[in-house]
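One letter stands for each residue in the lines below.
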Amino acid sequence: MKAEEIKQIVEEQRAYFYQGKTLDTGRRIKALKRLKACIQKYEKEIGEAIKKDLGKSAFESYMCETGLTLSEFSYMIGHVKKFAKEKTVWTPLSQFCSRSYKKPSPYGVVLIMSPWNYPFMLTMEPLADAIAAGNTVVLKPSAYSPHTSEMIRKIVEECFDRRYVAVVTGGREENMYLLDEKFDYIFFTGSQSVGKVVMEKASRHLTPVTLELGGKSPCIVEKSANIRLAAKRIVFGKYLNCGQTCVAPDYIYCDAAIREELVREIKKQIKHQYGKNPFKNKNYGKIINEKHFKRICGLIDSQKVVHGGRSDAATLQIEPTVMDQVSFEDAVMQEEIFGPIMPILTYESLDQAVQKINSMQHPLALYIFSSDKEVIRKITERCSYGGGCVNDTIIHLATSEMGFGGFGESGMGSYHGKDGFDTFSHYKSMVDKKTWLDLPMRYQPYRKLYDKLIHLFLR
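As the structure is a computational prediction, the values presented were derived from the model and not from experiment.

Section: the sheet that holds strand 10 (residues 305–307)
Ordered in space as 10-13-14-9-8-15-16, the 7 strands form an open sheet in which the pairing is mixed. Since the sheet does not close on itself, it has two edges, and those belong to strand 10 and strand 16 (387–390), each with one partner. Within the sheet, the average angular offset between the axes of one strand and its neighbour, ignoring direction, is 25 degrees. By the bridge criterion, 3 bridges tie strand 13 (residues 321–323) to strand 14 (residues 341–347) in an arrangement that is parallel. Bridge pairing links V322 to M342 in strand 14.

Concerning the packing of helix 7 (residues 172–180) against helix 8 (residues 192–203)
At a minimum axis separation of 9 Å, helix 7 and helix 8 run at an interaxial angle of 30 degrees. Taken together, the axis directions place helix 7 and helix 8 in an arrangement best described as roughly parallel. Contact with helix 7, carried on its side by M176, L179 and D180, involves V197, V198 and K201 of helix 8 and no other residues of that element. Among the residues making up the contact of helix 7 with helix 8, the classes are represented as 4 nonpolar, no polar and 2 charged.

Considering the environment of R34
Mapped onto the fold, R34 is located in helix 2 (residues 25–41). For the pair R34 and K291, spaced 257 residues apart in the sequence, the C-alpha separation amounts to 38 Å. With residues near it in sequence (within four places) discarded, R34 still touches C159 and F160. Among the polar contacts listed, one links the side chain of R34 to the backbone oxygen of C159, at a separation of 3.0 Å.

A few points about the pattern of salt bridges
The tally for this structure, following the rule as stated, stands at 26 salt bridges. Through salt bridges with shared partners, one network takes in E5, E12 and R162.

A short note on the nonpolar core
Counting residues in each nonpolar core, the largest one holds 116 residues, and the members touching the most others are L35, I155, V221, I252 and I266. Per-element accounting of this core gives the leading share, 9 residues, to helix 4 (residues 58–83). Those residues in contact with I266 that lie beyond four places of it in its chain are A231, V235, I252, V322, M342 and I344. Core analysis: the second largest hydrophobic core is formed by 19 residues, I6, I9, I186 and V198 among them.

Topic: helix 6 (residues 146–159)
Given a rise of 1.5 Å per residue, 14 residues ought to cover 20 Å, and the 20 Å separating the end C-alpha atoms of helix 6 matches this to within 8%. For helix 6, the elements touching its buried residues are helix 2, helix 3 (43–54), helix 5 (121–132), strand 4 (136–140) and strand 5 (165–167).

Considering a nonpolar patch on the surface
On the surface, a cluster of nonpolar side chains totalling about 370 Å² of accessible area is made up of L93, F96 and W436. Positionally, L93 belongs in the loop between strand 1 (87–89) and strand 2 (98–106).

Some remarks on helix 11 (residues 290–297)
Within helix 11, burial applies to H292, F293 and I296. With its buried residues spanning 105 degrees around the axis, helix 11 presents them on a single face. Looking at the buried residues of helix 11, the elements they touch are strand 11 (311–312), strand 12 (317–318) and strand 14. Measuring from the backbone nitrogen of K291 back to the side-chain oxygen at the start of helix 11 gives 3.4 Å, which picks out N289 as the cap.

What counts as what
Positions within a chain are numbered from 1, following the residues in the order the chain's sequence is written. In keeping with the predicted nature of the model, local features appear solely for residues at pLDDT of at least 70, side-chain atom pairs appear and are counted solely at 80 or more, and the whole-chain, interface and lining totals rest on all residues. Here the side-chain values reflect all heavy atoms present in the structure, with hydrogen atoms and water set aside. Strand pairing is assigned whenever DSSP detects at least two bridges linking the two strands. To qualify as a helix, a DSSP run of H or I must reach at least 4 residues; to qualify as a strand, a run of E must reach at least 2; elements of each kind are numbered from the N terminus. For helices, the axis comes from a line fit to the C-alpha atoms of the stretch in contact; other axes are also lines fit to C-alpha atoms, and the angle between any two N-to-C directions lies between 0 and 180 degrees. Any angle between 65 and 115 degrees counts as roughly perpendicular, while under 35 counts as roughly parallel, over 145 as roughly antiparallel, and the rest as oblique. Contacts are assigned to residue pairs with any non-hydrogen atoms lying within 4.5 Å of each other. Residue type decides the class: Asp, Glu, Lys and Arg count as charged, Ala, Val, Leu, Ile, Met, Phe, Trp, Tyr, Cys and Pro as nonpolar, and the leftover types, Gly among them, as polar. By the criterion applied in these results, polar contacts are pairs of N or O atoms within 3.5 Å in which, for protein atoms, one can donate a hydrogen and the other can accept it, and in which residues neighboring in sequence qualify only through two side-chain atoms. Here a salt bridge means any side-chain nitrogen of Lys or Arg lying within 4 Å of a carboxyl oxygen belonging to Asp or Glu. Among the buried residues, those of types Ala, Val, Leu, Ile, Met, Phe, Trp, Tyr and Cys that are joined through side-chain atoms within 4.5 Å form a nonpolar core. Burial here depends on accessible area, computed with a 1.4 Å probe over protein chains only, as a share of the maximum for the residue type. Under 20% is buried, over 50% is exposed, and the range in between is partly exposed. Helices are assigned an expected span. That span is 1.5 Å times one less than the residue count. Note that patches include only residues with greater than 30% relative accessible area and no salt bridge, and the join distances are 9 Å for like charges and 5 Å for nonpolar side chains (Val, Leu, Ile, Met, Phe, Trp, Tyr). We get accessible surface area from the Shrake-Rupley algorithm with a probe of 1.4 Å; when it comes to residues, only the shown protein chains can shield them. When we speak of the arc, we mean the arc of directions from the helix axis to the C-beta atoms.

What follows is the structure, encoded as structure tokens:
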């Protein structure tokens, strides 16, 4: 798509927004219901598209993408009217007689740029929040997941006039055209490097942004943990979508005393969940493209592999791999892995673990496996991270009742449910002053009596 057409879409959406077409909550709900019904209509085709892009099974696609998306739509449909109401707040005595309130208002024309790893969910969930808040939306799905992007385009164009919601497909050129335009809000999910570009471009127009990035999310396994259950849940979270999950446990940081037992259980769990030959498992996916396949393979140190390690360039598959005796200086620890490699590192004391984690970039997620409440309290209070789980992995993002987002280098802002509505809304602070009473104390000429009263009111 050319720059001129993108510019025209943005101008059309701005004109449409200023006509007030998106403000009525009833129309927002109808739009959400229409889009939800269309997603349900094409559920099978969505799964097939995701399968072509990432090799995900129909079960995994529904569990981790389509199903979660429908859940967010249902939540928003049921809560939009409540979220969009003005909220009366306390008015100080000095403003008597008046009403103070916060009025949620849409930003206007919103840009949503989504990634390839969960290409459907990470496009449609923020779209649901943006529509619920009353915005018009330009969607830019990833060029790396073309089949899913095409499915998104088909669904959106079936449901909406492009003045309301439009899809722009293409690659880096289209991304730059979009970022050169003035939007009222930008929502980006992707890598830190591209996030920096988005933020830099947005700054030229002073456009607010939400950045959902990533990082090296630690999984701490403390010596009091249920090792067998920990291994089971870590394997699930790490190798889901072949490790191509922004909140996947990036590495295990465990007490040295339980390392050998944990490694044994992890190897057992990989065989149990994926079979002796994962390449023959029809439910095991693939790496998105050759570029990322080669990058991930380059992080595997064959001398430290204790399980897996094989790859197939023809199918872009890499076995669930475990690397033991890893140090923070190894290549696999210098970048976010975003693939099916699990490095295992050890600590001698919990204080050492906390200090090391806090010396690194703030991760998107942190996971702690422990039966000791004091240990759990220490880790969750003293470590800095976006969100996480106690005795599980990744499931904290699967609810509309909590916001999901990063912290520091792993992002800024959050979404899901009420947090998503708030992200795409500006809250106007309003005072409605009544006309039947007008206290004279604020007007000149000032008098001694007024001086005493103002000190009384503003204490």
